[in-house]
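# Fold and geometry: a report
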Number of protein chains: 4
Amino acid sequence: MSSTIKLGNLSLSVFGESHGPAIGAVIDHLPAGEELNFDKILEFMARRAPKKDGTSTMRSEADTPEIISGFFDGKTTGEALCAVIKNNDQHSKDYSSISEFARPGHADYTGYVKYKGANDLRGGGHFSGRLTAPLVFAGAVCSQILEKRGIETGAHIYSIGKEKDASFDPVNLNAEQLNSVKKRYLPVIDGTADERMRNVIKSVRENQDSVGGIIECGAVGIECGIGEPIFDGLENRIAQLVFGIPAVKGIEFGAGFAAASLFGSENNDEFYMDGNTVKTRTNNAGGILGGISNGMPLIFRAAIKPTPSVSRPQNTVNFIKKENAVIEVKGRHDPCIVPRAVPCIEAALNIAIMSFLC
Amino acid sequence: MSSTIKLGNLSLSVFGESHGPAIGAVIDHLPAGEELNFDKILEFMARRAPKKDGTSTMRSEADTPEIISGFFDGKTTGEALCAVIKNNDQHSKDYSSISEFARPGHADYTGYVKYKGANDLRGGGHFSGRLTAPLVFAGAVCSQILEKRGIETGAHIYSIGKEKDASFDPVNLNAEQLNSVKKRYLPVIDGTADERMRNVIKSVRENQDSVGGIIECGAVGIECGIGEPIFDGLENRIAQLVFGIPAVKGIEFGAGFAAASLFGSENNDEFYMDGNTVKTRTNNAGGILGGISNGMPLIFRAAIKPTPSVSRPQNTVNFIKKENAVIEVKGRHDPCIVPRAVPCIEAALNIAIMSFLC
Amino acid sequence: MSSTIKLGNLSLSVFGESHGPAIGAVIDHLPAGEELNFDKILEFMARRAPKKDGTSTMRSEADTPEIISGFFDGKTTGEALCAVIKNNDQHSKDYSSISEFARPGHADYTGYVKYKGANDLRGGGHFSGRLTAPLVFAGAVCSQILEKRGIETGAHIYSIGKEKDASFDPVNLNAEQLNSVKKRYLPVIDGTADERMRNVIKSVRENQDSVGGIIECGAVGIECGIGEPIFDGLENRIAQLVFGIPAVKGIEFGAGFAAASLFGSENNDEFYMDGNTVKTRTNNAGGILGGISNGMPLIFRAAIKPTPSVSRPQNTVNFIKKENAVIEVKGRHDPCIVPRAVPCIEAALNIAIMSFLC
Amino acid sequence: MSSTIKLGNLSLSVFGESHGPAIGAVIDHLPAGEELNFDKILEFMARRAPKKDGTSTMRSEADTPEIISGFFDGKTTGEALCAVIKNNDQHSKDYSSISEFARPGHADYTGYVKYKGANDLRGGGHFSGRLTAPLVFAGAVCSQILEKRGIETGAHIYSIGKEKDASFDPVNLNAEQLNSVKKRYLPVIDGTADERMRNVIKSVRENQDSVGGIIECGAVGIECGIGEPIFDGLENRIAQLVFGIPAVKGIEFGAGFAAASLFGSENNDEFYMDGNTVKTRTNNAGGILGGISNGMPLIFRAAIKPTPSVSRPQNTVNFIKKENAVIEVKGRHDPCIVPRAVPCIEAALNIAIMSFLC
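An account of the accompanying structure is given in this report. (Residues numbered from 1 in each chain as written. Chains lettered and ligands numbered in written order. Predicted model: local features only at pLDDT ≥ 70, side-chain atom pairs only at ≥ 80, totals over all residues. Heavy atoms only, no water.)

Before going further, it helps to spend a moment on the overall build of chain A. When helices and strands are counted, chain A shows eight helices and 18 strands. In terms of C-alpha radius of gyration, chain A reaches 21 Å, essentially the compact-globule figure of 21 Å for 358 residues. Buried residues in chain A amount to 68% of all 358 residues. Across chain A, the fraction of contacts at a sequence separation of at least 24, relative to all contacts at a separation of at least 6, is 73%. As displayed, chain A offers around 11200 Å² of accessible surface, 47% of which is attributable to carbon and sulfur atoms. Each charge class in chain A was averaged separately, 38 positive and 42 negative side chains, and the resulting centres sit 6 Å apart. (Helix = DSSP H or I, 4+ residues; strand = E, 2+ residues; numbered from the N terminus. Rg over C-alpha atoms; globule rule 2.2 N^0.38 Å. Buried < 20%, exposed > 50% of the residue type's maximum accessible area, 1.4 Å probe, protein only. Contact = heavy atoms within 4.5 Å. Areas by Shrake-Rupley, 256 points an atom, 1.4 Å probe, with all protein chains shown as cover. Lys, Arg positive; Asp, Glu negative; His and termini not counted. Charge placed at Lys NZ, Arg CZ, Asp CG, Glu CD.)

Moving on: the interface of chain D and chain C. Counting residues at the interface gives 96 residues for chain D and 96 residues for chain C. Between chain D and chain C, a total of about 7600 Å² is buried, with carbon and sulfur atoms accounting for 62% of that surface. Of all residues in chain D, the largest losses of buried area upon contact with chain C belong to Phe231, Lys249 and Phe257 of chain D, amounting jointly to 11% of the total for that side. Here chain D is connected to chain C by four salt bridges. Residue glutamate 235 of chain D is joined to lysine 249 of chain C by a salt bridge in which the shortest nitrogen-to-oxygen separation is 3.0 Å. Linking chain D to chain C there are 47 residue pairs in polar contact (both at pLDDT 80 or more). The element that contributes the greatest number of residues to the side of chain D that touches chain C is strand E11 (residues 248–253) of chain D, accounting for six residues. For the side of chain D that touches chain C, the residue count by class is 46 nonpolar, 34 polar and 16 charged. (Buried area = accessible area lost by both parts, 1.4 Å probe. Salt bridge = Lys/Arg side-chain N within 4 Å of Asp/Glu carboxyl O. Polar contact = N/O pair within 3.5 Å; in protein donor to acceptor, adjacent residues only side chain to side chain. Nonpolar A, V, L, I, M, F, W, Y, C, P; charged D, E, K, R; others polar.)

All names here are of chain B. As a packed pair, helix H1 (residues 38–46) and helix H3 (residues 132–148) sit with axes 9 Å apart at the nearest point and diverge in direction by 130°. On the basis of the axis angle, H1 is oblique to H3. Of the two elements, H1 crosses H3, and the hand of that crossing is right-handed. Facing Lys40, Ile41, Phe44 and Met45 of H1, the residues of H3 in contact are Ala133, Val136, Phe137, Gly139, Ala140, Val141, Ser143, Gln144 and Glu147. (Axes fitted to C-alpha atoms, helices over the stretch in contact; angles between N-to-C directions. Parallel < 35°, antiparallel > 145°, perpendicular 65-115°, else oblique. Left-handed = near helix turned anticlockwise from the far one by under 90°.)

What follows concerns the interface of chain D and chain A. With six residues of chain D at the contact, the number on the chain A side is six residues. When chain D packs against chain A, close to 390 Å² is buried across both sides, 26% of that on carbon and sulfur atoms. By the criterion of area lost to chain A, the three top residues of chain D are Asn9, His29 and Glu228 of chain D, representing 68% of everything that side buries. In this assembly, chain D and chain A are joined by zero salt bridges. Joining chain D to chain A, the criterion identifies two residue pairs in polar contact (both at pLDDT 80 or more). When the residues that make up the side of chain D that touches chain A are grouped by side-chain class, the tally is no nonpolar, three polar and three charged.

With that settled, consider the relation of the copies chain D and chain A. Laying chain D over chain A is done by rotating through 180° and shifting 0.0 Å along the axis; what remains is an RMSD of 0.0 Å. Taken together, the rotation and translation describe the operation of a two-fold axis. Take the interface residues of chain D: 100% of them recur as interface residues in chain A, which is what a same-surface contact looks like. (Least-squares fit on C-alpha atoms with pLDDT ≥ 70 in both.)

An α-helical turn contains 3.6 residues, so any two residues separated by three or four positions project in the same direction. Residues and elements named next belong to chain B. Within H1, the full set of buried residues consists of Ile41, Phe44 and Met45. For H1, the angular spread of the buried residues around the axis is 95°, confining them to a single face. Opposite the buried face of H1, by more than 90 degrees, sit the exposed residues Asp39 and Glu43. The elements touched by buried residues of H1 are strand E7 (81–86), H3 and helix H8 (338–355). Where H1 begins, the side chain of asparagine 37 points an oxygen toward the backbone nitrogen of aspartate 39, at a separation of 2.9 Å. (Arc of directions from axis to C-beta.)

All names here are of chain A. Within the structure shown, the criterion is met by 76 salt bridges over all chains. Note that glutamate 34 and arginine 149 form a salt bridge whose closest N and O atoms lie 2.9 Å from each other. Of this pair, glutamate 34 sits in the loop between strand E3 (22–28) and helix H1 (38–46) while arginine 149 sits in the loop between helix H3 (132–148) and strand E8 (152–160), placing them 115 residues apart in sequence. Its relative accessible area of 9% is what places glutamate 34 among the buried residues. When its relative accessible area of 36% is taken as the criterion, arginine 149 is described as partly exposed. Overlapping salt bridges bring together Arg47, Lys182 and Glu346 as one network.

To find the voids left in a structure, one rolls a probe of water-molecule size over its atoms. By volume, the largest pocket amounts to about 870 Å³. What lines the largest pocket is a set of 39 residues, and nearest its centre among them are Asn9 and Cys358 of chain B together with Asn9, Leu357 and Cys358 of chain C. As for the second largest pocket, its lining consists of 25 residues, of which Asn9, His29 and Cys358 of chain A, Lys114 of chain C together with Glu228 of chain D are closest to the centre. Its residues assigned to classes, the lining of the second largest pocket comprises 11 nonpolar, eight polar and six charged. (1 Å grid on protein atoms, 1.4 Å probe; cavity = no way out; pocket = protein on both sides within 12 Å on 5 of 7 lines; lining within 4 Å. Points joined across faces, edges and corners; volume = space filled by probe spheres on them.)

A few words now on the sheet that holds strand E7 (residues 81–86) of chain C. Residues and elements named next belong to chain C. Spatial strand order, E1-E2-E3-E7-E4: five strands in an open sheet with antiparallel pairing. With one partner strand each, in any of the chains shown, strand E1 (4–7) and strand E4 (66–69) form the two edges of the open sheet. On average, each strand axis in the sheet is inclined to that of its neighbour by 15°, with strand direction left out of account. Bridge analysis of strand E2 (residues 10–16) against strand E3 (residues 22–28) gives six bridges, and the strand direction is antiparallel. Residue pairing for E3: phenylalanine 15 is matched across the bridge by glycine 24. This element, helix H3 (residues 132–148), spans E2, E3, E4 and E7 of the sheet and lies at about 35° to E3. (Pairing = 2+ DSSP bridges.)

Looking now at the sheet that holds strand E7 (residues 81–86) of chain A. Remark on secondary structure: sheet strands pair via backbone hydrogen bonds, oriented parallel or antiparallel. Residue and element names in this part refer to chain A. On the basis of which strands lie adjacent, the open sheet formed by five strands has the order E1-E2-E3-E7-E4 and antiparallel pairing. At either end of the open sheet lies a strand with only one pairing partner, and these are strand E1 (4–7) and strand E4 (66–69). The average undirected angle you get between the axes of adjacent strands in this sheet is 15°. Summarising the sheet, E4 and E7 pair through three bridges and their orientation is antiparallel. Its bridge partner being in E7, isoleucine 67 is matched across the sheet by alanine 83.

Attention shifts here to the relation of the copies chain D and chain C. Once chain D is rotated about the relating axis by 180° and shifted along it by 0.0 Å, it coincides with chain C to within an RMSD of 0.0 Å. Both copies present the same face, since 100% of the interface residues in chain D are matched by interface residues at the equivalent positions in chain C.

Here we come to unusual backbone geometry. Residues and elements named next belong to chain B. Cis geometry is adopted by the peptide bond preceding isoleucine 230, which originates at proline 229 and carries an omega value of 10°. For isoleucine 230, the position within the fold is in the loop between strand E10 (213–220) and helix H6 (234–242). Although it is not a glycine, histidine 29 sits at a positive phi angle of roughly 85°. One can find histidine 29 in the loop between strand E3 (22–28) and H1. Of note, alanine 247 is a non-glycine position whose phi angle comes to about 85°, a positive value. The topology assignment puts alanine 247 in the loop between H6 and strand E11 (248–253).

All names here are of chain C. Residue position: leucine 30 is located in the loop between E3 and helix H1 (38–46). The spacing of leucine 30 and leucine 10 is 20 residues in sequence and 6.9 Å in space, taken between C-alpha atoms. Residues within four places of leucine 30 in sequence aside, it is in contact with Leu10, Gly78, Leu81, Val141, Cys142, Ile145 and Met354.

Take the packing of aromatic side chains next. This model, assessed by the stated rule, comprises 24 aromatic pairs over all chains. An angle of 85° between the planes, with centres 5.3 Å apart, marks the rings of phenylalanine 243 of chain A and phenylalanine 253 of chain B as edge-to-face. Remark: phenylalanine 253 of chain B occurs in strand E11 and phenylalanine 243 of chain A occurs in the loop between helix H6 (234–242) and strand E11 (248–253); the pair is interchain, linking two chains. Summarising the aromatic geometry, the rings of phenylalanine 253 of chain D and phenylalanine 300 of chain D are spaced 5.6 Å apart at their centres and angled 35° between planes, so their arrangement reads as tilted. Taken together, the residues span a long stretch of sequence, with phenylalanine 253 of chain D in strand E11 and phenylalanine 300 of chain D in strand E16 (residues 298–304) at a distance of 47 residues. (Phe/Tyr/Trp six-rings, centres within 6.5 Å; stacked < 30°, edge-to-face > 60°.)

Turning our attention to the side chain of asparagine 87 of chain A. Residues and elements named next belong to chain A. Residue placement: asparagine 87 occurs in the loop between E7 and helix H2 (108–114). A relative accessible area of 4% means that asparagine 87 is categorised as buried. Here serine 18 takes part through its backbone oxygen, which lies 3.4 Å from a polar atom of the side chain of asparagine 87.

See below:
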């Protein structure tokens, strides 16, 4: 496993398994003397918590991180900040039958081969979506530090299945729009998207199925000049973190894949002076040129595959006995992980930006 | 700049500017005693060279790398392998007028701000697509080592503008298909795509415009169990490298963004036993589960934006005088960089896979 | 702070402050499926615990690490292994008066400047020797894995003040000698050294003073060929870790500084065949040639400065008011940290060796 | 091999073999816009060149680095700076007989085992002292940048064999003393040491033998607050680099090993106010407390073993045939490498300090 990532001077270690005693994170090389509001951290993390309305898992996760180092007198100390989140509600029995059957779409089989059968398979172990809780914690910490430097980030559900939200305005995006999204039941821009998406989720749940979606993420207030190309540009670091979130299968910046079918004359963002500030009229670049921020809003989208845990019977193999089998995945699962993945993607962005500023 | 990347034990440094005396790469921690066929390296690199038919820049790049370390008696020594590629054909005058004008879509302005005006702007400097030559060299070296371990990789033009090629068969992809693509004039699967795409390129060139495209890349022969999640899984490392290639604005693995609108029951790849081997009937995962290879073909696609250098006049700014301006980008440019980007993407994949095996 | 170290694929994060709620470590990329005996870990850590006889601090540290991840069913899972050690006995009042006075020889002042006054100064905060407990934990874990690969390590007090122990036999050192040292009250080879050293310690304690010493560390069973020169050779990695232990001011391998006054004909270790094995007749190289193990015992020594906390009044400054001052360092302090540093140095060696094997 | 080192954001790759076509270095993440005086670089490198007086190898090394990237218009560009140094004078025949005989004290045997016989053994290959030329180049570049930030470094021969020089004054060391040393024939403080040491070298050469020594290195002008403990403090990074120089077997900071036999009351450096500046009356800490600079001169010493190449016959083994043998090492060798190692150690210090400032 490489659950430790070094991005310039910043490093982040994420540890824990779904059904072990606790999970957590160590963030090293944060600036010293930064005030952190613990309630705001909890608020950020609450956006990742499962809803009680049937759109997500019934597992109750009252995740309260305990900060055990690097934080003193209400401020970061500049030393490694560690937070531990206890796993209170471990129904490991629900998962007991699955240990030799490869759940399709899960890492049971690949993890078994890699770790020679020694990894903790219960609940997905270290591969569990639960491991995004410490990532979100780290992102919540970074967001507060970024905010003091005038940087705001946010994310919304761009689509679930075939239902779409509106898009962030890549040119005029501002802190207000980023924050207003966070207050809705589902984080969407278009008020009608909320109900349409909830219907999709309800429907797949009834069908013992699941569904994927796309998340769009934005940041404003990043000065021109941030990014360390060739291999540590904004895109590289954001992608390296975002692909650490289970179920992400794609990422695109600005116009992204759509740029591939444009002409240069369409895709190029013309520059102009807005007073003394260099701006672009369009923002197909997503705020990044040559791996470096250009001062415009940073925009990217991540594709989330449908939750692989579906209740209906699936063909698979028993990878220990090496024979074909049929599996019915029991347990409490999200029919759609997308709403809960929104703060995860946003957290990854916060950590990536922070890595250039410390 | 971070032009040095450490992926596990492997490290790669890429150096040089478009119009400096030379460019090159240092690859460190390759296995010792690996035979390298220099002609095959040149052959790989030739796939990146510009065509002489008007589909790409007229700049002549007879790129012959000189290996100056880490290679002795026809074999890698296990020590840092450095190759230098001379810049023979430097028409820096073509670019002399552009240094204070931000070419739309280029890193002139962001690079200027980041490097306080000290970077070598001629021809894009270190941001130039020319810097992919050492990357391709490194990928060509890795490909020969991978081949001896039974791993073959390849890539084709998935689309240019709105013209599409066929797709790799994600389940039955094999070395033969990967290699047959390399022999065509344009690297495509569908014989008709070649002419269709060349027509698109010809047309944009005539319109003083440019066009983007998508590249699909595949690998076969990777055993189950390769990858270091959470942050050094196959997707993380491939993405970190691929976003080091100029003009890449998106990456997706397996079904990628399309998976976002699928149901779990559609997207999950059911496992089955093929003799004693665990396989999947479909391959929406692109051969990767939980960041770890599952033994199926590895498949991903990268979105390439249209070349930002278009000859027609564009609105922009003079970023030194801070005033609006109009620019006409002269010089020799590719109306479509996609064909030349194919071996670059493939090289990035080779380096990423190699990093897990040394 | 960089309390996270990446050595090849292995990474180690150490977190916590002397008077915070807890300290701990995350070790990432250990091999999967390794049995760990928890009692043996406690035994290793007990060697770092303060003695109750007046030779060390009276602070009671019943350090029981709680492993909260990466360990399941008695075995490592291959995932990030995190252990947390609670700080039970925090007499932070003892330290309350010192926060604006720079204790000579301590990092109060340098830490204050670096962290702009935001770091937790109580008890040395993150600079405290207490932070070696998680390091020792990590070393204890690694030692059990190394043992299964036939590698044994050990350390003894080479000197305290002017009192010397015998030396490890650099040619014939074996596991038995390494282990027998661990069983003594003070870890020494020469039985008479124990009492002589205890007398030195007693005497400095009575004089409200402290004393330093030298620790010698050895390893046997390392095959020829381990080490990644130029910058990741055995010496580089061991030194990088050992200088992470407070109070270490020097390190030397094999004959070390003494080699500087030898002739080549004296210092060179002649090779000979012992059956089918290449050995050397002497071992001035300390088992390392060109950063790579040569199959002979690995030997190094680390210099430990006297504990800077001495009870007698010392001249210093109030670094906030910027004026001269006199300080009397109260609290419970070790008059000689050397005995407790022995397992720390040994732990650093274990981690360094482990980093080449995973 | 790990000939690439990442220290925070700075990275350095050293490549080449003694008898290959060229050697060189890539330095990445230097600040942009720094003027470099090429003559001063050559002057720095000349201090490493062999003397023509019989005190060092007769091999002629007119090492002129060619900077091929990262440098434009007299200034650093902020991009990876690569310099290549051609190997003009390759008498590889001198070494032809030695490839299966382990030269005592050399890495022939350990390198052979590690690289399975594939490494270039001629002249020590990548293990050759010649590889310090690119390190010195990198140090020379850093020294010019540091100088503009008010930081000056220097080094002198502290001892050769049993002959000693005076020591740097650890409290009052200044730029003048550091620089005056560089102008002498041998870099010493005490004028009489020069002749005494040359006599020692002459004598060992006549005896077909060699001799080691100690180098002392100092830096002034480093502000308080530089260093990233626990694992990236000043000592850790300096040691990691210095042990990359062949023949270094020990390093000590400030009082170093001598501190081990001092009492705390002797070793502690008392603080006092010098006007508005915090200083210490003594400097046993070598300017470093808790891994962080305290504003006093930084002082350390490195132990250099005698050159292992001695001309007299030595017992050894043929490691391919696995039999005992006698070797007479021919070729041109330094009877004492210490004078030439002085700028190498100084270069390592420059690179280490630079790594905290970029």
